[in-house]
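Chain by chain, the residues run as shown.
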Amino acid sequence: MPHESDQSKSRIIWVDLARAVAIGKHVMAKNSRLTALDSLRGFGILLVVLGHTSWSAGLVSWIFSFHMPLFFIISGMLFHERQFLDSFKKKVARLLIPYLFFGIVTFAYWALIERRLRGGGSGSVTNALTNIFLARAGTSNYPQNAVLWFLPCLFVTEMLFLGIFTFVKSKRAIRYDWAVAATLVTVSFSSIMVMHSFDLPIDRLRLPWALDILPFSTLFYCIGYLLSRFLMPCIRKSKPQASLHVAYAAIGMAGLGLLRVFDELTGLSVNLNDASTSNPFWMLCAALLGFISSLMLCVAIDCRLLQFLGRASLTIMCVHEPVKRVLIFVMAKILGMNTDALRANLVYAMLVTVVTVAICVAVHLIMDRFAPVLIGSSRHNLASQGKARA
């Protein structure tokens, strides 16, 4: 009987996966914008997991040069002007509830289990607990789950942009909508240049709610808003002909390869978690090249699995760190290797990435079925749209 129960649960999970992909296929066919950008998010989240798993210096530098800017640019492209309070409630449900849930759960696992297995010394329990509410970025402030900074940072960025956007429009201070974003791009980039030029000690004084990363996040978010004016009409068009898929893929791969060479030649280093970059201008160039190349590649691939990973990207983002650490430890024991050597091996790092993502997808499907509010899921909205259009 227990065996049959396990089989039943397994069937439910795979049925949910098939249903999610099917719903996505139907709804996304009606909205090619989400198809392309969901694929891009899926590609981005794979890079996030691989970048946090591998210790191959060249690969990690390449990934870090554009993977987090990519997510802020996508969010900016999807900006919709709404009443501030309504948007605030939606963003709390979409970003802050998952942040608190995963922050508390991963903290409990780290403090009660993982930290004891490591013999302590991997971070302050008190600091990690209080930081769930202070939301200061930095690995030392999130020893249980370093990527959690992204959610409060995105929340503050989106609310700030919406607040400024609606205020300026209400005062009719700027005639054109795009001028608001262009002004914020200028202010944000200037702030980054000041931080870089004066070598401000950001790492020693982290601000609550990732406010020290705000110049970076606002820069890329506003760039996304500006790019949407030009890219959205193209993305909304029907899918390109089959002959163009090869061309798009070739251009995308060439662009990403060029970015790898660019990073090596310039010695570029970017880490938004630390609010740092070796060169703000090269960072901007790398982020734009990585975004455009990745978008073209994702349009060419047209993979429903990638789209699904994009829709599950928030769960993968929040779950993969502790899962990855466990897998690395277990695999190193099985192979009789040092964990550092395992992470430096690209093949093993990619294997850990694949298994980690698979486990995160299983977690996403289970939670999407039984507690969707905790992952900010819009699955039920998609389902209702699919039924309405069927």
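See the structure printed just above.
As the structure is a prediction and not an experimental result, all values here were calculated from the model.

Attention now goes to the overall build of the chain. Along the chain, the regular secondary structure elements total 16 helices and two strands. Across the 390 residues that make up the chain, the buried fraction comes to 49%. Nonlocal contacts in the chain, meaning residues at least 24 apart in sequence, comprise 78% of its contacts between residues at least 6 apart. Surface summary for the chain: the accessible area is close to 18700 Å², and the carbon and sulfur share equals 66%.

This next bit is on the packing of helix 5 (residues 84-117) against helix 7 (residues 150-171). Close contact between helix 5 and helix 7 brings their axes to 9 Å; oriented N to C, the two are set at 170°. As judged from the angle between their axes, helix 5 and helix 7 are roughly antiparallel. The residues of helix 7 that touch helix 5, namely those facing F84, S87, F88, K91, V92, L95, L96, P98 and Y99, are L151, P152, L154, F155, E158, M159, L162 and G163.

Moving on: the packing of aromatic side chains. Under the counting rule described, the total for this entry stands at 20 aromatic pairs. Pairing F107 with W110 gives two aromatic rings, centres 6.2 Å apart and planes at 45°, and the pair type is tilted. Taken together, the residues F107 and W110, both in helix 5 and three residues apart, mark about one turn of the helix. Across this residue pair, the class does not change: F107 and W110 are buried. In this structure an aromatic cluster arises from ring pairing among F79, F161, F165, Y221 and Y225.

Further remarks concern the packing of helix 7 against helix 9 (residues 214-236). Relative to each other, helix 7 and helix 9 sit at 60°, their axes nearing to 10 Å. Regarding the angle of helix 7 to helix 9, the classification is oblique. Note that helix 7 runs across helix 9; the crossing there is right-handed. Of the residues in helix 9, those touching helix 7 at C153, V156, T157, E158, L160, F161 and F165 are L214, S217, T218, Y221, C222 and Y225. In terms of residue class, the contact of helix 7 with helix 9 is built from nine nonpolar, three polar and one charged.

All right, on to the nonpolar core then. Core analysis: the largest hydrophobic core is formed by 106 residues, its most contacted members being W149, F150, F161, L219, F220, F291 and I316. Excluding its chain neighbours within four sequence positions, the residues that come into contact with F220 are P69, F72, I73, M283, L284 and A287. Counting five residues, the second largest nonpolar core, distinct from the first, contains F107, W110, A111 and I132.

What follows concerns the pattern of salt bridges. Going through the model one piece at a time under the given rule, you end up with 11 salt bridges. As a salt-bridge pair, K91 and E158 come within 3.2 Å of each other at their nearest N and O atoms. Of this pair, K91 sits in helix 5 while E158 is found in helix 7, placing the two residues 67 residues apart along the sequence. The class for E158 is buried, based on a relative accessible area of 7%. E321 is paired through a salt bridge with K324; the nearest N and O atoms lie 3.1 Å apart. Taken as a pair, E321 and K324 lie in helix 13 (residues 313-335) at a separation of three residues, close to a single helical turn. Within this structure, E114, E321, K324 and R325 form a network of salt bridges that share partners.

A few words now on helix 12 (residues 304-311). Residues lying three or four places apart along an α-helix face the same way, a consequence of the helix completing one turn every 3.6 residues. Most of helix 12 sits inside the fold, with six of its eight residues counted as buried. Restricting attention to buried positions, one finds in helix 12 the residues L306, Q307, F308, L309, G310 and R311.

This brings us to the environment of W209. For W209, the location among the structural elements is in the loop between helix 8 (177-197) and helix 9. Here W209 falls in the partly exposed class, since its relative accessible area comes to 28%. Contact partners of W209, with chain neighbours within four places excluded, come to L96, F133, L134, A135, R136, P152, F155 and V156.

Take the environment of L160 next. Relative to the assigned elements, L160 resides in helix 7. For L160, a relative accessible area of 33% puts it in the partly exposed group.

Let's shift gears to a nonpolar patch on the surface. A cluster of nonpolar residues, V326, F329, V330, I334 and L335, forms a patch on the protein surface that exposes about 470 Å² of accessible area. Its location among the elements puts I334 in helix 13.

Positionally, N141 belongs in the loop between helix 6 (125-134) and helix 7. Those residues in contact with N141 that sit more than four places away from it in its chain are N127, A128, N131, R136 and R206.

A few words now on the environment of M350. For M350, the position within the fold is in helix 15 (residues 346-370). Taking the relative accessible area as the measure of exposure, M350 reaches 44% and is therefore partly exposed.

Calculation notes
- Residues numbered from 1 in each chain as written.
- Predicted model: local features only at pLDDT ≥ 70, side-chain atom pairs only at ≥ 80, totals over all residues.
- Heavy atoms only, no water.
- Helix = DSSP H or I, 4+ residues; strand = E, 2+ residues; numbered from the N terminus.
- Buried < 20%, exposed > 50% of the residue type's maximum accessible area, 1.4 Å probe, protein only.
- Contact = heavy atoms within 4.5 Å.
- Areas by Shrake-Rupley, 256 points an atom, 1.4 Å probe, with all protein chains shown as cover.
- Axes fitted to C-alpha atoms, helices over the stretch in contact; angles between N-to-C directions.
- Parallel < 35°, antiparallel > 145°, perpendicular 65-115°, else oblique.
- Phe/Tyr/Trp six-rings, centres within 6.5 Å; stacked < 30°, edge-to-face > 60°.
- Left-handed = near helix turned anticlockwise from the far one by under 90°.
- Nonpolar A, V, L, I, M, F, W, Y, C, P; charged D, E, K, R; others polar.
- Core = buried A, V, L, I, M, F, W, Y, C linked by side-chain atoms within 4.5 Å.
- Salt bridge = Lys/Arg side-chain N within 4 Å of Asp/Glu carboxyl O.
- Patch = residues over 30% accessible without salt bridge, like charges linked within 9 Å, V, L, I, M, F, W, Y side chains within 5 Å.

Everything listed here is a matter of geometry and, on its own, says nothing about what the molecule does.
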